[in-house]
Every structure is written in C-alpha cells, then in structure tokens.
Amino acid sequence: KAGVTQTPRYLIKTRGQQVTLSCSPISGHRSVSWYQQTPGQGLQFLFEYFSETQRNKGNFPGRFSGRQFSNSRSEMNVSTLELGDSALYLCASTGTSGTDTQYFGPGTRLTVL
Amino acid sequence: GEDVEQSLFLSVREGDSSVINCTYTDSSSTYLYWYKQEPGAGLQLLTYIFSNMDMKQDQRLTVLLNKKDKHLSLRIADTQTGDSAIYFCAERANDYKLSFGAGTTVTVRA
C-alpha cells in the first residue's frame, strides 16, 4: 500500500500571497489531519476531516482553511501569508483499525519571504 | 487540556540502551504514541500503546506506561547510529487530534 503523499514538497511564497497544499491519504483511509511544525511552537494541530466534514479544528486564524474531497484527498489553504507561516506542514491519515493510528506524509516545507 | 513534556536531548553510546521519557496530563488519553523524525522527513510511527496496558515490546523497542503517574517511556535496545533522530511522544484523547511533546533529540556516538 502506498503511504501518505503530499504535494508539493517545497514551496517559496512571498508575504500576502496564498498557498494550497495537497494530501493524498493511504488508500482506504477516510480521515485526514493537518499539523504545522515550527522550531518555536513544535507540532500543532490545524484540523481534521472525515468523509468531507471538518470534525475538529485547532487554534489557528481563519486564514488557515481546508477541505476534503469525496476520494478522501485533502487540501489546506493559507491566505494572506505571513512570515510566521513558514513551517513544515504535515498531513496524516487514519484508518479504521481501532487504534486510530495516524500515519504521516513527508510534509510540505513552506517558506514565506 | 493536554500538555505533553519530554526532555530535549539524549546522548547515548552505540550499543547501549536509550531511554526517552515523557509525561502527559490528559487522563482521558486512549492511545499514546512514539514517532521518529529524521532530518528533512515526516514522522514515522514507531509504536503505540493503549492506555489500559502497562508495557509493550516490539523488537528493540519497549514502551512502559505508568498511568497513575501519567508517565510514558521508550527504551531502544542496542542503539545504532541509524537511531539518531528526534523522537516525539504523542497522546490522543477523545477528540481526533494528537498532542505532541517538543521532541527528544537522540544523538548516538561511536
């Protein structure tokens, strides 16, 4: 089974722009979670989607949004980028094995200049 | 709320055992996880333990859980240079998110 894939792997944007990141979960997984990783704040939960519905959301401003499609692929969008949005964005997919284990993709490294 | 704490650094000699400690505060946590992150990579799941277990062993990895003290540890036997990485402890409560510790950087020296 293929793992979680994220595209693109690297992005460079300038302040004020917007960006869309994509995540394809493991085949058969219906839950996708997004996390932001920075040296200062560590790993922080952004949101989680299941069957195209957002089930949980972390403490991030409304500039951060996401969605999930019927094939379970997910996208997250960040509008009006700020320097502090520079981070590694990680996506994780969860199956239905009962352990709720989250399997992570390689991440998208976003740099805002 | 959740708050997971880990020591930040661990240096260990090749061939010795490594022990990484973690404390958490959410008593409703159902599962606790250990992830490994190598430079430039995502998080690799190492192992997990259900909250009603005390111990879990998986090859070179041993997880110990003291639910009373909310203390979790990961022991890596016969530590190798390839074990050099950042190790994250994470807890999952009744919602759908993981709360992570700050990560322990393990350095294996020859």
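Predicted, not measured: the structure shown is a model, and the values here were computed from it.

(A) Highlighting the pairing of strand β8 (residues 74-78) of chain A. Residues and elements named next belong to chain A. Counting buried positions along β8 yields five of five residues, so the element is predominantly enclosed. Of the two faces of β8, both are covered, the one formed by S74, M76 and V78 as well as the one formed by E75 and N77. In terms of strand pairing, strand β3 (residues 19-24) meets β8 through five bridges, oriented antiparallel. Residue pairing across strands places V19 opposite V78, the latter belonging to β8.

(B) Structural view of the environment of E5(B). Residues and elements named next belong to chain B. The residue E5 is located in strand β1 (residues 5-6) in this model. Along the backbone, E5 and L98 are 93 residues apart, and their C-alpha atoms lie at a distance of 14 Å. Here E5 is in contact with N21, C22 and T23, once residues within four sequence places are set aside.

(C) Examining the state of the cysteines more closely. All told, the structure shown has two disulfides over all chains when counted by the stated rule. The disulfide that involves C23(A) links it to C91(A), with 1.7 Å between the sulfurs. Classification of the bridge connecting C23(A) and C91(A) rests on its S-S torsion, roughly -50 degrees, and on that basis the disulfide is left-handed. Residue C23(A) is located in strand β3, and its partner C91(A) is located in strand β9 (residues 87-94); the two are separated by 68 residues in the primary sequence. Residue C23(A) is classed as buried on the basis of its relative accessible area, which comes to 0%. Across the disulfide from C22(B) sits C89(B); the S-S distance is 1.9 Å.

(D) Up close: the environment of S51(B). Residues and elements named next belong to chain B. Looking at the secondary structure, you find S51 in the loop between β5 (43-50) and β6 (55-58). Here S51 falls in the buried class, since its relative accessible area comes to 9%. In the structure, S51 is positioned 21 residues away from T30 in sequence and 5.2 Å away in space, judged by C-alpha atoms. The residues contacting S51, other than those within four sequence positions of it, are S29, T30, L65 and K67.

(E) Fine view of the sheet that holds strand β7 (residues 61-66) of chain B. All names here are of chain B. An order of β1-β3-β8-β7-β6 is seen for the five strands of this open sheet, with the pairing classed as antiparallel. Only two strands of the sheet have a single neighbouring strand rather than two, namely β1 and β6. With six bridges joining them, strand β3 (residues 18-23) and strand β8 (residues 71-76) adopt antiparallel strand pairing. When the bridges of β8 are listed, C22 appears paired with L72.

(F) Expanded view of the sheet that holds strand β1 (residues 5-7) of chain A. Residues and elements named next belong to chain A. The antiparallel open sheet is built from four strands, whose spatial order is β1-β3-β8-β7. In this open sheet, the two edge strands, each paired with only one partner strand, are β1 and β7 (64-68). For this sheet, the mean inter-axis angle between neighbouring strands, taken without regard to orientation, is 20 degrees.

(G) Highlighting the packing of aromatic side chains. With the rule as written, the count across this model stands at 14 aromatic pairs over all chains. Seen from their ring centres, F104(A) and Y35(B) are 5.2 Å apart, and the 85 degrees between their planes marks the pair as edge-to-face. One end of the pair, F104(A), is in strand β10 (residues 102-104); the other, Y35(B), is in strand β4 (residues 31-37), on a second chain. Residues F104(A) and Y35(B) agree in their burial class; the two are buried. Aromatic ring contacts, followed pair by pair, group Y35(A), F45(A), F104(A), Y31(B), Y33(B), Y35(B), Y48(B), F50(B), F88(B) and F100(B) into a single cluster. Across the ring face of Y48(B), the terminal group of K56(B) is positioned such that the distance to the ring centre comes to 3.7 Å.

About the thresholds
- Residues numbered from 1 in each chain as written.
- Chains lettered and ligands numbered in written order.
- Predicted model: local features only at pLDDT ≥ 70, side-chain atom pairs only at ≥ 80, totals over all residues.
- Heavy atoms only, no water.
- Buried < 20%, exposed > 50% of the residue type's maximum accessible area, 1.4 Å probe, protein only.
- Helix = DSSP H or I, 4+ residues; strand = E, 2+ residues; numbered from the N terminus.
- Pairing = 2+ DSSP bridges.
- Contact = heavy atoms within 4.5 Å.
- Disulfide = S-S within 2.5 Å.
- Axes fitted to C-alpha atoms, helices over the stretch in contact; angles between N-to-C directions.
- Phe/Tyr/Trp six-rings, centres within 6.5 Å; stacked < 30°, edge-to-face > 60°.
- Lys NZ or Arg CZ within 6 Å of the ring centre and 35° of its normal.

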